[in-house]
Amino acid sequence: MHIAQARRKPFKVFLVMPARDSERIGSAMITSRVLPVLAACTPQLDEIEDLRIVDMSIEPFPFDEVRPGDLVGISAFTSVALSAYELARKLRQRHGATVVMGGAHVKSVGDEPLRLQCADAIVDGDGEVSWPQAVRDYAARKLETIYKGGLAPEPAFVRARWDLLPHLDRYVTPTVQTVRGCMKSCSFCSVWVQDGRKPRQSADDDVIAELQYLYAAGFRLAILADDN
């Protein structure tokens with residue numbers, strides 16, 4: 001007889017972009033794009049009592065707010081991989097958090113965070129596909145170790161939740177993504193490896209809505225991120 005396992009107790013979700021402590025100056029030139037997007041596609045579940053974005057180029061990670069059972073999503077570039085691994089180990093070993101890692105570094109190295117015991121799970125691919133499923137599975141106590149989301153189709157793109165990014169006034173320039181993927185295969189660039197060689201375009205209404213929000217927030221210059 002199969003006995004259904006009770007859903008998880010309420011937990012916090014932290015979305016983190018790691019950075020070295022020595023490089024934190026309290027401001028940044030360009031906003032993190034991935035964090036507001038992951039926030040937008042995080043499912044609204046009764047088990048989630050709070051959603052917090054932490055860009056460590058702006059502020060240190062709030063370890064005192066983490067409780068055992070909280071979920072931490074870390075998106076890292078290879079340039080800060082060692083800092084990301086150190087953060088993940090501390091969160092798992094000292095604070096009892098569950099860590100899910102993704103981003104460009106995981107796309108390049110696969111299950112390395114699992115082999116190094118730095119993560120409980122990894123997500124490979126666009127966050128709109130893999131991250132929501134990982135969160136739902138965690139809430140249902142059935143988190144898997146690997147989520148391969150692949151490339152999200154254009155209808156799956158979501159508007160970034162800029163309203164959830166704290167300290168927005170500490171960034172010089174926001175970035176709004178219009179196109180993912182590039183037809184070229186330049187050896188110095190990771191875009192075509194990570195985002196594919198078929199360009200995928202964001203909906204015009206979504207781009208306009210993000211720009212309107214950022215204008216209202218006081219920005220008069222924005223970068224349109226087009227991989228082509």
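Predicted model, so just to flag it, every value in this text is computed and none were measured.

### Describing the pairing of strand S7 (residues 146–150)
Of the two faces of S7, only one is covered, namely that formed by Tyr147 and Gly149; the face formed by Ile146, Lys148 and Gly150 stays uncovered. The sheet contact formed by strand S6 (residues 121–125) and S7 spans four bridges and is parallel. Counted as the bridge partner of Ile122 is Ile146 from S7. The β-α-β motif built from S6, the intervening helix H5 (residues 127–139) and the parallel element S7 has left-handed crossover chirality.

### Comments concerning the sheet that holds S6
The six strands are arranged S3-S1-S4-S5-S6-S7 in an open sheet whose pairing can be described as parallel. Each having just a single partner strand, strand S3 (48–55) and S7 make up the two edges of the open sheet. Recorded for the sheet is a direction-independent mean angle of 15 degrees between the axes of neighbouring strands. Across the sheet, H5 lies against strand S1 (11–17), S3, strand S4 (71–75), strand S5 (98–102), S6 and S7, angled at about 150 degrees from S7, the strand it touches most.

### Things to note about the pattern of salt bridges
Taken as a whole and assessed by the stated rule, the structure comprises 16 salt bridges. Note that Asp120 is salt-bridged to Arg92, the shortest N-O span being 3.1 Å. Of this pair, Asp120 sits in the loop between helix H4 (112–115) and S6 while Arg92 sits in helix H2 (residues 81–95); the two residues are 28 residues apart in sequence, bridging distant segments of the chain. The class of Arg92 is partly exposed, set by a relative accessible area of 25%. The partner of Asp124 in a salt bridge is Lys107, with the nearest N and O atoms 3.6 Å apart. With a gap of 17 residues between them, Asp124 in strand S6 and Lys107 in helix H3 (residues 104–109) connect regions that are remote in the sequence.

Rules and cut-offs
- Residues numbered from 1 in each chain as written.
- Predicted model: local features only at pLDDT ≥ 70, side-chain atom pairs only at ≥ 80, totals over all residues.
- Heavy atoms only, no water.
- Buried < 20%, exposed > 50% of the residue type's maximum accessible area, 1.4 Å probe, protein only.
- Helix = DSSP H or I, 4+ residues; strand = E, 2+ residues; numbered from the N terminus.
- Pairing = 2+ DSSP bridges.
- Right-handed = clockwise from strand over helix to strand, strands pointing away.
- Axes fitted to C-alpha atoms, helices over the stretch in contact; angles between N-to-C directions.
- Contact = heavy atoms within 4.5 Å.
- Salt bridge = Lys/Arg side-chain N within 4 Å of Asp/Glu carboxyl O.

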